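Tertiary structure, described
Each chain, letter by letter, is given below.
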Amino acid sequence: MSESNTATLEAGSATETQSVKLSMQQALNRALDEILSTDPKTVVFGEDCGQLGGVFRITDGLQAKHGESRVFDTPLAESGILGMSVGLAMAGFHPMPEVQFDGFAYPAINQIVCQIARMNYRSRGTLPMPITLRVPSFGGIRAPEHHGESLEALFAHVPGLKVVSPSDPHDAYHLLKYAASRPDPVIFMEPKSRYWQKGDVDTADGGTLTGARIVRPGRHLTLVAWGAMVARCLQVAELAAEDGIDVEVLDLRWLKPIDAEALATSVGKTRRAVVVHEAPLTSGLGAEVAQLITQSCFDTLKAPVERVTGFDVPYPSGDLEDEYIPNIDRILLGIQRVLEYRRG
Amino acid sequence: MAEISFPLPDLGEGLIEATVLDWLVSPGDQVERNQPLVELETSKSALELPSPQAGKVIRIHGSPGETINVGEPLVVFEVPDNTAGIVGTVPKDDAPKRRVRLSAVLDED
């Protein structure tokens, strides 16, 4: 609890705090507005980002306020959006492109992997790429193909990229501003199914913005998640508490680099871990998390780290989403498998 | 509340404009998806244009007899912020349902 919050509680006044209730969509919109206002080198662009304000309204009103030269529409060509970002960064700009949906990033993989991720390395540090690529990510909104994919493992595997995903409006606001202030390219994965839920945003105090964050402390088991799965894991933790199991929920937030120390601290205490993600199982980030935990906690672990994930199939559209995305029962079953495990 | 503009869509066959014949909705009307909004005439035919979405009509562009180019504003809707996403639906935060119960003997060694 920060001092300013304490002071506000005592004063009983809303004027002394910067805390406001915002949806993630509003928090991101506000963050972009403030970044554009304070950094004249920032430009925001993508399909429908200008006149329309984005299909999720994240850039709503920004073109009218900051002008068509700083917030603008692009052709429907992701390789062009990201290729242009490279040129803008070389010319000293701070590009904040949007790829409208996760699955639309594939046509721009060459620009992301072969240019954005390694231009700084290739140029011996003379051409940094201060690019924040916003990608509405993950599933849960009943959209068609290419609109529900989880690309974090793909991006995390590329040297030179940083990857982050906020799970609530407060983190969305502060992590976007933090990402935009970095000299390195950051892939900013927005959980699109969480755009509209409101939460308290303390605009004055972002707290620690690097590393993971414990969103619910617990004693018996650690649920590791990011993006939209954090909210689901919090629901699961409440249900587990009914059965006497005290679950800690760790929001990883940064998916590259991963906060190995936070994993070691949390699972070192609980001695049991389940990692939950929407992406397919095989070569998903859950494997990396499980290895980091095993490396630091092998001697004290009560059971092998469990993974509850999507399946090794293309992301399914429509109602099949409910069968694909880890649901409450599948996560509870993962917890039960860990609880039941006995060393042979 | 958020505003969403609906420009005159590409009506096919290379047509670049249409003339308003008659408005079937007025500002203030609440419309449903696929409800006819306006009768238009092109050089090929007359047609009714269905609404691409539900919402409250707050502005209409073009009086009967006026010609509108493809891509120019036709209707502006007002929608609640939480339904303003153009693709997909907003997931409901339902009370969590469970079938699985946990059982464990926690030896705190």
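Worth saying up front: this structure is predicted, and the values here are computed from it rather than measured.

Comments concerning the overall build of chain B
Along the backbone of chain B there are zero helices and eight strands. Each helix and strand of chain B, ordered N terminal to C terminal, gives the series β-β-β-β-β-β-β-β. Its C-alpha atoms give chain B a radius of gyration of 23 Å, more than 25% over the compact-globule value 13 Å for 109 residues. Projecting the C-alpha coordinates of chain B onto the three principal axes gives extents of approximately 85 × 30 × 20 Å. Burial status across chain B gives 29% buried among its 109 residues. Residue pairs in contact within chain B that sit at least 24 positions apart in sequence constitute 58% of those at least 6 positions apart. Per element, the accessible surface of chain B, about 6,500 Å² overall, is 49% carbon and sulfur. Each charge sign in chain B was given a centre, from 9 positive and 19 negative side chains, and these centres are 12 Å apart.

Considerations on the domain arrangement of chain A
Residue and element names in this part refer to chain A. Entries for chain A in the domain assignment read domain 1 (8-202) and domain 2 (213-340). One C-alpha centre belongs to domain 1, the other to domain 2, and the line joining them spans 26 Å. Taken together, the contacts link 33 residues of domain 1 with 25 residues of domain 2. Contact between domain 1 and domain 2 buries roughly 2,200 Å² in total, counting both sides, with carbon and sulfur atoms accounting for 54%.

Notes on the nonpolar core
Residue and element names in this part refer to chain A. Counting residues in hydrophobic clusters, the biggest one holds 82 residues, and the most contacted among them are Ile187, Leu252, Val289 and Ile293. A domain-level breakdown of this core finds at least three residues from each of domain 1 (8-202) and domain 2 (213-340). When near neighbours in sequence (up to four residues on either side) are disregarded, Val289 contacts Val224, Trp226, Leu252, Ile258, Leu263 and Val275. Within the second largest apolar cluster, 28 residues are counted, among which are Ile245, Val276, Ile328 and Leu332.

Description of the side chain of Ser137 of chain A
All names here are of chain A. Looking at where Ser137 falls in the secondary structure, it is placed in strand E5 (residues 132-137). A distance of 2.7 Å separates a polar side-chain atom of Ser137 from the backbone oxygen of Val135. Ignoring sequence-local partners within four residues, the contact set of Ser137 consists of Asp102, Glu149, Met189, Glu190, Pro191 and Lys192.

Considerations on the packing of aromatic side chains
All names here are of chain A. Taken as a whole and judged by the stated rule, the model has eight aromatic pairs over all chains. Between the aromatic rings of Phe101 and Phe104, the centroid separation amounts to 5.5 Å while the plane-to-plane angle is 65 degrees, which identifies the pairing as edge-to-face. The class of Phe101 is buried, set by a relative accessible area of 1%. Assessed through its relative accessible area of 19%, Phe104 is described here as buried.

Cut-off values and rules
- Residues numbered from 1 in each chain as written.
- Chains lettered and ligands numbered in written order.
- Predicted model: local features only at pLDDT ≥ 70, side-chain atom pairs only at ≥ 80, totals over all residues.
- Heavy atoms only, no water.
- Helix = DSSP H or I, 4+ residues; strand = E, 2+ residues; numbered from the N terminus.
- Rg over C-alpha atoms; globule rule 2.2 N^0.38 Å.
- Buried < 20%, exposed > 50% of the residue type's maximum accessible area, 1.4 Å probe, protein only.
- Contact = heavy atoms within 4.5 Å.
- Areas by Shrake-Rupley, 256 points an atom, 1.4 Å probe, with all protein chains shown as cover.
- Lys, Arg positive; Asp, Glu negative; His and termini not counted.
- Charge placed at Lys NZ, Arg CZ, Asp CG, Glu CD.
- Domains from an automatic or database assignment.
- Buried area = accessible area lost by both parts, 1.4 Å probe.
- Core = buried A, V, L, I, M, F, W, Y, C linked by side-chain atoms within 4.5 Å.
- Polar contact = N/O pair within 3.5 Å; in protein donor to acceptor, adjacent residues only side chain to side chain.
- Phe/Tyr/Trp six-rings, centres within 6.5 Å; stacked < 30°, edge-to-face > 60°.

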